[in-house]
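# Examination of the molecular architecture
Each chain is listed here by its residues.
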Amino acid sequence: MDTIVDALGRPIRDLRISVTDRCNFRCTYCMPKEVFGDDYVFLPKEELLSFEEIERLATIFASLGVKKLRLTGGEPLLRKDLPDLITRLNKIDGIEDIGLTTNAVMLGALADKLNDSGLRRLNISLDAMDPFVFGEMNGRGTNPQMILRNIELAKDKGFHLKVNMVVQKDVNEHEILPMAMHFKERGITLRFIEFMDVGNDNAWSFAKVVTKKQILNILKSEFELEPVDADYFGEVAQRYRYKDNGTEVGFITSVSESFCSSCTRARLSSDGKLYTCLFASDGFNLKELLRSGKTNEELTEAISQIWRKRADRYSDERTKETAKKRKKINMSYIGG
């Protein structure tokens, strides 16, 4: 089948698959502990898509044009036997790249199995080098040294790494240069993510956003950088590199410089709902179709129709009013 495009002419190229809604962190911008407390009820196992169901849907998405898969959560390494799923996904015709986004707490214990499954790409979340700042942001008091050790371990094992830093005004913007210096010298790409109004629980406002322009100015006070051309249509990060050693930095600019016009991403929640935008309010229940005995042809047609009708461009249209009023699905439920 030819690649399908949506109502705005955007092809489907990327599928982000949440494998669990659980996480061992309580990051203030994603799963604040005031909301996701000890008595919070997560999805029961029977509500999650099985590995067989995920594989079946990923195969259908590949037939429609998806080339890249990214496994997310929650924290995906909490999903039991995750390397087995990756082994399955690596065998799907048409899938050229599989990545995993993780907080890396469990990475040391699982790195070998992940490597054996064929996984080669890791995006690791780390928001500060300072132990107090990072502990406050992750909501668990976890020391960044644990994450840094697992990053070095993964690098030594040959994983292709990117580190993601969500930057918030008056929270961790003073950590921009220490983070940049650390990863520049290690040849690891650091990506600065503008604080986004994902979900309804992170007390977001424009006043808390540190923009790409502001971050770049901070970096330029210490380093010489030059822009790098995008590798492909729909690449999310705006990329730069240090002139002296070529290490890259990236910027995810959903707030200050929207990239809706080239968004090629679909998102599958851990309980089988398809979302066509990170800021969506509602999803489409594919699990219900799967478990009602629909054929692959029927599933393919249903997904095709959903994508063809897609006209999401929330970041283009964001205002203070829409950000405040619109009810959005939580990022911990559908991944970043």
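A short tour of the structure in this document, coming up. (Residues numbered from 1 in each chain as written. Predicted model: local features only at pLDDT ≥ 70, side-chain atom pairs only at ≥ 80, totals over all residues. Heavy atoms only, no water.)

## Focus on the overall build of the protein
Put simply, the rule reads: Helix and strand labels come from DSSP, where a helix needs a run of H or I of at least four residues and a strand needs a run of E of at least two; each type is numbered from the N terminus. Each radius of gyration reported is based on C-alpha atoms, and the globular scaling rule is 2.2 Å times the count of residues to the power 0.38. Burial classification: accessible surface area is computed with a 1.4 Å probe over protein chains only, and a residue below 20% of its type maximum counts as buried, one above 50% as exposed, and the rest as partly exposed. The contact rule is simple, with two residues in contact once any of their heavy atoms fall within 4.5 Å. Using the Shrake-Rupley algorithm and a 1.4 Å probe, accessible areas are obtained, with residue cover drawn only from the displayed protein chains. As used throughout, the charge tally considers Lys and Arg to be positive and Asp and Glu to be negative, leaving His and the chain termini uncounted. Note on charges: their place is set at NZ of Lys, CZ of Arg, CG of Asp or CD of Glu.
A tally of helices and strands in the protein yields 12 helices and 12 strands. Relative to a compact globule of 336 residues, whose C-alpha radius of gyration would be 20 Å, the protein shows 19 Å and is just as compact. The dimensions of the protein, computed from C-alpha atoms along their principal axes, are 55 × 45 × 45 Å. The buried share of the protein, reckoned over its 336 residues, is 55%. Contacts in the protein between residues far apart in sequence, at least 24 positions, make up 73% of those at least 6 positions apart. Entry remark: accessible area of the protein is about 15000 Å², with carbon and sulfur atoms responsible for 48%. Side-chain charges of the protein comprise 51 positive and 51 negative groups, with the mean position of each set lying 1 Å from the other.

## Topic: the nonpolar core
Generally speaking, soluble globular proteins have nonpolar side chains that are buried together. Note the cut-off: Side-chain atoms within 4.5 Å link the members of a nonpolar core, which is a set of buried Ala, Val, Leu, Ile, Met, Phe, Trp, Tyr and Cys residues.
Counting 100 residues, the largest nonpolar core has Ile151, Phe192 and Leu219 as its most contacted members. Setting aside chain neighbours within four positions, we find Leu219 in contact with Ile176, Leu177, Ala180, Phe192, Leu225, Val249 and Phe251.

## What about the sheet that holds strand β4 (residues 121-125)?
What links the strands of a sheet is backbone hydrogen bonding, and the strands pair in either a parallel or an antiparallel sense. Note the cut-off: Should DSSP find at least two bridges between two strands, the strands are regarded as paired.
Here we have 12 strands laid out as an open sheet, ordered β7-β8-β9-β6-β5-β4-β3-β2-β1-β10-β11-β12, and mixed in their pairing. The open sheet has two edge strands with one neighbour each: β7 (225-228) and β12 (284-285).

## Observations regarding the packing of helix α1 (residues 51-63) against helix α2 (residues 82-89)
Selection criterion: Helix axes are fitted to C-alpha atoms over the stretch in contact, other axes to C-alpha atoms as well, and angles between N-to-C directions run from 0 to 180 degrees. We call two directions roughly parallel when the angle between them is under 35 degrees, roughly antiparallel when it is over 145, roughly perpendicular when it lies between 65 and 115, and oblique otherwise. Crossing handedness is read from the near helix: turned anticlockwise from the far helix by less than a right angle, it gives a left-handed crossing, and turned clockwise, a right-handed one. Under the grouping applied here, Gly and all other residues not named as nonpolar or charged are polar, the nonpolar ones being Ala, Val, Leu, Ile, Met, Phe, Trp, Tyr, Cys and Pro and the charged ones Asp, Glu, Lys and Arg.
The geometry of α1 relative to α2 is characterised by a closest axis approach of 10 Å and an angle of 25° between their N-to-C directions. Overall, the two elements α1 and α2 adopt an arrangement that is roughly parallel. For the crossing formed where α1 meets α2, the hand is right-handed. On the side of α1, the interface is formed by Phe51, Glu52, Ile54, Glu55 and Ala58, while α2 contributes Leu82, Asp84, Leu85, Arg88 and Leu89. Split into classes, the residues belonging to the contact of α1 with α2 amount to six nonpolar, no polar and four charged.

## Quick look at the pairing of strand β8 (residues 238-242)
Here β7 pairs with β8 via four bridges, running antiparallel. Considered in β8, the bridge of Leu225 is made with Tyr242. Here four bridges tie β8 to strand β9 (residues 248-252), and the two strands are oriented antiparallel to one another. Within β9, the position partnered with Arg241 by the bridge is Glu248. In textbook terms, the turn of a hairpin is the stretch between consecutive antiparallel strands, and for β8 and β9 this stretch comprises five residues, one of which, Gly246, has a positive phi near 80°.

## Side note on the pattern of salt bridges
This is how the line gets drawn: We define a salt bridge as a contact between a side-chain nitrogen of Lys or Arg and a carboxyl oxygen of Asp or Glu at a distance within 4 Å.
In this structure the tally under the stated criterion is 19 salt bridges. A salt bridge links Asp231 to Arg239, with the nearest nitrogen and oxygen atoms 3.4 Å apart. Residue classification places Asp231 among the exposed residues on the basis of a relative accessible area of 60%. Residue class for Arg239 comes out buried when judged on its relative accessible area of 13%. Counted as one network, the salt bridges with shared partners bring together Asp6, Arg10, Arg310 and Asp312.

## Thoughts on the environment of Ala280
Note that Ala280 resides in the loop between β11 (273-275) and β12. Given the relative accessible area of 5%, Ala280 is considered buried. It is 10.0 Å that separates the C-alpha atoms of Ala280 and Arg313, two residues lying 33 residues apart in sequence.

## Regarding helix α4 (residues 131-138)
Side chains three or four residues apart in an α-helix point the same way, a direct result of the helix having 3.6 residues per turn. Our working rule: Counting of polar contacts relies on pairs of N or O atoms within 3.5 Å, with two restrictions inside protein: one atom must be capable of donating a hydrogen and the other of accepting it, and residues adjacent in sequence are counted only when both atoms are side-chain atoms.
What α4 keeps buried is the set Val133, Phe134, Gly135, Met137 and Asn138. Residues of α4 that are buried sit in contact with α5 (144-156) and β5 (160-167). Put simply, Asp130 is the residue that caps the front of α4, since its side-chain oxygen is 2.9 Å from the backbone nitrogen of Phe132. In the segment just after α4, Gly139 is the residue with positive phi, at about 75°.

## Observations regarding the layout of surface pockets
How we decide: With a 1 Å grid spanning the protein atoms alone, the term cavity applies to any set of points in which a 1.4 Å probe fits but cannot get out, the term pocket to an open set with protein on both sides within 12 Å along at least five of seven lines, and the term lining residue to any residue with an atom within 4 Å of a point. Grid points are joined across faces, edges and corners, and a volume is the space filled by probe spheres set on the points.
Taken as a whole, the second largest pocket holds about 300 Å³ of empty space. Taken together, 13 residues line the second largest pocket, and the ones lying closest to its centre are Lys45, Leu48, Phe51, Arg79 and Lys80. For the lining of the second largest pocket, the class distribution of residues is six nonpolar, two polar and five charged.

## Quick notes on the side chain of Arg26
Note that Arg26 resides in the loop between β1 (14-18) and α1. Of the polar contacts made by the side chain of Arg26, one reaches the backbone oxygen of Cys23; its length is 2.8 Å. Apart from the residues within four sequence positions on either side, Arg26 is in contact with Met31, Pro32, Lys33, Phe36, Phe42, Met137, Asn138, Gly139 and Arg140.

Function-wise, these values are silent; they only describe arrangement.
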